[in-house]
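Coordinate analysis (summary)
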Amino acid sequence: MEANVWMAGVIVQSCDDPPSVRELAPGQAATFGRGAPQSPVDIVLPDAAISRVAGRILAVEDHWLVSNLSARRTYVIENPEGGGEFIKVAPRRLEMPVPFEFSRVVVPGADRPAAFYVFAPQHAYADIAEAPDGSADATRTSFPMDETAKYFLILLALCEPRLRNPSSPVIPTAPEILERLAGVPAAAGLTRAAVNFHIGYLAREKLRVKTPADAENTKADWQRSALVSLALQFDLVRGEHLALLAG
C-alpha cells in the first residue's frame, strides 16, 4: 500500500496477511496492544510481552499523535522512506506528534518486535520563489553537491548500507568502496588513493565535518561515520540515488 493524498485523517494498516485497514477521521482515535475481553483494542498485537492496551493513535487534520501507555517500554516510530529516520516514544508519553507521512510503529515483543503502519496526508509546502542566481538576494546552498561527480558516488557508496537497512552499523572502508564502484561507468579510473582523497574532500569542503577534539583517541573511521550521519540527516543522499550504483 502506498501513501496517497487524503483531505484529512490517517489510515492504519496491520502487518497481518491479508492486512486489515482502518481509517481515522480527525478527532478519532485507535488503541493498540495485546487486548483482552475486558480491554479490547483496535489494533491487536498478539504478544505476551505487550501491554493489553499499549498505546493510542489520535488523528488530527494533517498529522497524528501517538501515546505510549506502557510504564516501562519505549516504542520506536520509523520512516520507511527515509534514510534511517526514527523517533522514540518514551514510556507514559502522551500525544506525541509524528512528523512522517508514512510510519512504521514498532513495539518490543517477547521474541521479536510487533509492528503496524500509519499513513498520514502528504505534507504541505510553501511555494517560495528563489531570487535569480547571482542577485544580491540569492541564497547560498548549504551543501552544494554535484550528483554526477565521483565524490557523490563515493558518498553514496558510504551511505548504501544504511540506505538499504537503517539499522546497519556498516561503514564501508576505502577498499570496499572501490570494490563496490567497480563496473560503475561514472567511477571509471578510481584508485584507493583517489577514494581517500574524495572522502577527505567531502569532509573538508562539501559537508565541512569538524574534527573531534580528541581525534587522536577516536576510531579511525570517525570521518566516514560523520559523513554518513550528516548526509542521511539532511537527505543529501536518498534511496532513489541507489540507481546510480548500477553497473
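Residues numbered from 1 in each chain as written. Predicted model: local features only at pLDDT ≥ 70, side-chain atom pairs only at ≥ 80, totals over all residues. Heavy atoms only, no water.

Our next topic: the packing of helix α3 (residues 192-206) against helix α4 (residues 222-233). Contact geometry of α3 with α4 gives a least axis separation of 10 Å together with a crossing angle of 60°. With respect to α4, the element α3 is oriented oblique. Viewed along their axes, α3 and α4 form a crossing whose handedness is left-handed. When α3 is examined against α4, the residues Ile 199, Gly 200, Leu 202 and Ala 203 are found in contact with a partner set consisting of Gln 223, Arg 224 and Leu 227. Residue composition of the contact of α3 with α4, by class: four nonpolar, two polar and one charged. (Axes fitted to C-alpha atoms, helices over the stretch in contact; angles between N-to-C directions. Helix = DSSP H or I, 4+ residues; strand = E, 2+ residues; numbered from the N terminus. Parallel < 35°, antiparallel > 145°, perpendicular 65-115°, else oblique. Left-handed = near helix turned anticlockwise from the far one by under 90°. Contact = heavy atoms within 4.5 Å. Nonpolar A, V, L, I, M, F, W, Y, C, P; charged D, E, K, R; others polar.)

Two elements in contact, helix α1 (residues 150-164) and α3, have axes separated by 9 Å at closest approach and are oriented at 95°. As judged from the angle between their axes, α1 and α3 are roughly perpendicular. The residues of α3 that touch α1, namely those facing Lys 150, Tyr 151, Ile 154, Leu 155 and Leu 158, are Val 195, His 198, Ile 199, Tyr 201, Leu 202 and Lys 206. Here the contact of α1 with α3 is composed, by residue class, of eight nonpolar, one polar and two charged.

Attention now moves to the layout of surface pockets. Considering only enclosed or pocket space, the largest pocket measures out at about 270 Å³ in volume. Taken together, Ser 14, Cys 15, Asp 16, Val 44, Leu 45, Pro 46, Asp 47, Arg 104, Arg 112, Pro 113, Ala 114 and Ala 115 make up the lining of the largest pocket. In terms of residue class, the lining of the largest pocket is built from seven nonpolar, one polar and four charged. (1 Å grid on protein atoms, 1.4 Å probe; cavity = no way out; pocket = protein on both sides within 12 Å on 5 of 7 lines; lining within 4 Å. Points joined across faces, edges and corners; volume = space filled by probe spheres on them.)

Time to look at the confidence of the model for the protein chain. Looking at the protein chain as a whole, the pLDDT averages 85, with 86% of positions reaching at least 70. Confidence drops under pLDDT 50 across residues 1-6; counting only partners more than four residues distant or on other chains, this segment forms 13 contacts. (pLDDT = per-residue confidence, 0-100.)

Mapped onto the secondary structure, Ser 103 falls in strand β10 (residues 102-107). Leave out the neighbours within four places in its chain, and Ser 103 touches Trp 64, Ile 77, Glu 78, Pro 80, Val 98, Phe 116, Tyr 117 and Val 118.

The subject of this paragraph is the side chain of Ser 67. In this fold, Ser 67 is placed in strand β6 (residues 64-68). Here Glu 95 takes part through its backbone nitrogen, which lies 2.9 Å from a polar atom of the side chain of Ser 67. Each residue touching Ser 67, except ones within four places of it in the same chain, is listed here: Phe 32, Ala 54, Gly 55, Arg 56, Arg 93, Leu 94 and Glu 95. (Polar contact = N/O pair within 3.5 Å; in protein donor to acceptor, adjacent residues only side chain to side chain.)

Turning to the pattern of salt bridges, a few remarks are in order. Applying the stated rule across the entire model yields six salt bridges. Measuring nitrogen to oxygen at the nearest pair gives 2.9 Å for the salt bridge that ties Arg 164 to Glu 160. Here the residue Arg 164 and the residue Glu 160 both occupy positions in helix α1, the gap between them amounting to four residues, near one helical turn. On the basis of relative accessible area, Arg 164 is assigned to the exposed category, the value being 53%. Salt bridges sharing partners connect three or more residues here, namely Glu 160, Arg 164 and Arg 180. (Salt bridge = Lys/Arg side-chain N within 4 Å of Asp/Glu carboxyl O. Buried < 20%, exposed > 50% of the residue type's maximum accessible area, 1.4 Å probe, protein only.)

Let us look at the packing of aromatic side chains. The tally for this structure, following the rule as stated, stands at six aromatic pairs. Residues Phe 32 and Phe 116 carry aromatic rings whose centres are separated by 5.1 Å and whose planes lie at 55° to one another, so their mutual orientation is tilted. One end of the pair, Phe 32, is in strand β3 (residues 29-33); the other, Phe 116, is in strand β11 (residues 114-119), with 84 residues separating them in the sequence. Cluster of aromatic residues (ring-pair linked, three or more members): Phe 32, Tyr 75 and Phe 116. (Phe/Tyr/Trp six-rings, centres within 6.5 Å; stacked < 30°, edge-to-face > 60°.)

Across soluble globular proteins, nonpolar side chains show a tendency to be buried alongside one another. If you look at the biggest cluster of nonpolar residues, it comprises 35 residues, and the most contacted ones within it are Cys 159, Ile 177, Leu 181, Leu 207, Leu 227 and Val 237. Of the residues forming this core, the biggest block, 10 residues, is contributed by α1. With 26 residues, the next largest nonpolar core counts Leu 45, Ile 77, Val 98 and Ala 120 among its residues. (Core = buried A, V, L, I, M, F, W, Y, C linked by side-chain atoms within 4.5 Å.)

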